[in-house]
Amino acid sequence: MANKGPTTLPPSPVAYAFPHIQWDPLGALRLTAQETALLRMAETNPIEYTLADSRDASMYARVLLKLLAEASAAGAGTGEVSKITETCTDEQAMQALDADPLGVVTHYALTKLHEIIASLGSGVSGVTVGAVFYVGKDGVLVDQWKALLRILNKGGKGDAYTQKGAALCLAHILLTSLPSQRKTAPAVDKDGQPIKARPISYASAVEPLEALTAWIVSQLKNATGTSVGLCIPALTALVGGNETRLLFCSSGGIKYLSRQLRVGSKGAKPGTDAKKKIGQASVQQLYELAFCLWILSYEVNTHYSIRSDFSRDGACVGALVDLVSIAPREKVVRVALSSLRILATCTADQSTTPAGSPPLDGPAFLSEMIACGLMKAIDHLKDRQFTDPDIIEDVDILHKLLVENYKEMSRWEVYKNEVESGHLQWGSTHTEAFFKENARMMEGSDGD
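A few points on the structure. Computed from a predicted structure; not experimentally measured.

### Things to note about the packing of helix α9 (residues 203-221) against helix α11 (residues 242-250)
Running from amino to carboxyl end, α9 crosses α11 at an angle of 50°, the nearest separation of the two axes being 10 Å. Here α9 is positioned oblique relative to α11, judged by the angle of their axes. Crossing of α9 over α11 shows right-handed handedness. From α9, L209, E210, T213, I216, V217 and L220 reach across to α11, where they touch T244, L247 and F248. Its residues assigned to classes, the contact of α9 with α11 shows six nonpolar, two polar and one charged.

### As for helix α3 (residues 54-73)
For the α-helix, the turn length of 3.6 residues means that residues three or four positions removed from each other point alike. For α3, with 20 residues, the first-to-last C-alpha span of 28 Å sits near the 28 Å given by 1.5 Å per residue. In terms of burial, α3 is largely enclosed, as 14 of its 20 residues are buried. The distance from a side-chain oxygen at the start of α3 to the backbone nitrogen of R55 is 2.9 Å, and the residue carrying that oxygen is D53. In the stretch just after α3, G75 is the one whose phi turns positive, near 105°.

### Observations regarding the pattern of salt bridges
Inspection of every chain in the model, using the stated rule, returns 15 salt bridges. The salt bridge partner of R40 is D24, with a shortest N-O separation of 2.9 Å. One end of the pair, R40, is in helix α1 (residues 33-44); the other, D24, is in the segment before α1, and 16 residues separate them in sequence. R40 sits in the partly exposed class, given a relative accessible area of 39%. Between K146 and D143 there is a salt bridge, with its nearest N and O atoms 3.4 Å apart. Judged by its relative accessible area of 39%, K146 falls in the partly exposed class. Residue D143 is classed as exposed on the basis of its relative accessible area, which comes to 51%. Each member of the salt-bridge network shares a partner with another, and the members are E43, K112 and E115.

### Quick look at the side chain of K66
Mapped onto the elements, K66 comes out in helix α3. Contacts of K66, omitting those with residues within four sequence positions, involve L29, R30, L31, T32 and E35.

How each quantity is defined
Along each chain, numbering runs from 1 in the same order as the chain's sequence is written. Only residues with pLDDT of at least 70 are given local features in this predicted model, and only at 80 or more are side-chain atom pairs given and counted; all residues enter the totals for whole chains, interfaces and linings. Just so you know, side-chain values use all the structure's heavy atoms and leave hydrogens and water out. For every element, the axis is a line fit to its C-alpha atoms; helices are fit only across the contacting stretch, and the angle between N-to-C directions ranges from 0 to 180 degrees. Per the convention used, a helix needs a DSSP run of H or I reaching at least four residues, while a strand needs a run of E reaching at least two, with both numbered from the N terminus. Working definition: roughly parallel below 35 degrees, roughly antiparallel above 145 degrees, roughly perpendicular at 65 to 115 degrees, and oblique for all remaining angles. In a left-handed crossing the near helix is turned counterclockwise from the far helix by less than a right angle, and in a right-handed crossing that turn is clockwise. Only heavy atoms matter for contacts: two residues are in contact if any of them lie within 4.5 Å across the pair. Side-chain classes follow a simple rule in which Ala, Val, Leu, Ile, Met, Phe, Trp, Tyr, Cys and Pro form the nonpolar group, Asp, Glu, Lys and Arg form the charged group, and the remainder, Gly included, forms the polar group. To estimate how far a helix should extend, the number of its residues minus one is multiplied by 1.5 Å. Accessibility here uses a 1.4 Å probe with only protein chains present; expressed as a share of the type maximum, an area under 20% marks a residue as buried, one over 50% as exposed, and anything in between as partly exposed. What qualifies as a polar contact is a pair of N or O atoms within 3.5 Å, subject to a donor-acceptor requirement within protein and to the restriction that residues adjacent in sequence count only when both atoms come from side chains. Only one rule defines a salt bridge in this text: a Lys or Arg side-chain nitrogen within 4 Å of an Asp or Glu carboxyl oxygen.

Structure representation (structure tokens):
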């Protein structure tokens, strides 16, 4: 399964103020002399030096988490810095530091925490994320993770940058605990020598994973593009793990992800300036949402419940067809088409349909796609020139499957699927002859 690689955190808008933070006057942070010295040492040395020893790296990470906890408890996240969205000049950053020092400290701590995680993930130092954030003989997650959750729980009153950063850092820390993410090959130190694997307790990360997933789903429920943008980096990271994909799906995530795609693409028309006409979401945000849905679609063959979520109310298929129809950018079309192809070719062989439930497999999804107008959209795509061979292959395969499925459907089945999907289209199923022929089919069970 392809992935986009590590999700990065953009620079803080007040980053120019970081070198000017004075720790001694900030009594609200309750730093010890040793912790202050560690922060200063980390500023004067390359990050690789600080992370070369797992004990030093763990201590540094916990000091940063303490900064977040103490600053948050003292009211950081709702001051002047939380209102800044554009990158500040040196002068503006210094003014922000004077007006809201704890807000700047929070940005600083999250930036450094993300830098630690990114550096450890590259494997340069030989120290792992697990060795830094999971401690003791059982490898239990450090209790200080709650500082990150506290930032998320500030909700709409919080600082957007810190909420995005806290969610992303927490996601990467928790991913390390997943059994599916454990490396089969042993890690090596900076000299290339094998490092003895340390235990990591997945059980200690279950509660934080549930809390983070619940927060992400709550952001997706919100119809504003801003709040959705806060959770996309963390969600993009989490869908990389099998356990977290299942957790997200069981929390109703597919429904809300599909809803955001429908909201984002609403009002866009083929051939228009997608960036301006695409509704409440930018093209990049649509791509990231569609990317997450594509990764989740790989679970349909093994879980009936996930197939059911993809089929529910036609929302997901409808959202993907809309993306193909408006075709805002080639990369969006690519992930949307690939998702549709996976759905169109899925089977129930590995996860049988529960007794009394409707069958959900490729033909069922193809019927939904036909009702949502995918055949017309595919016809348009066949006339376009694409540079990506995967798009060309997906278009050809979907066209073939759609035509074969359409031939096997009666005109009544086509009309019924259109009604159920909410995508009624003028055609042979909207003539006087059709309605006379199928009048009895439209009656209820009691002839009403």
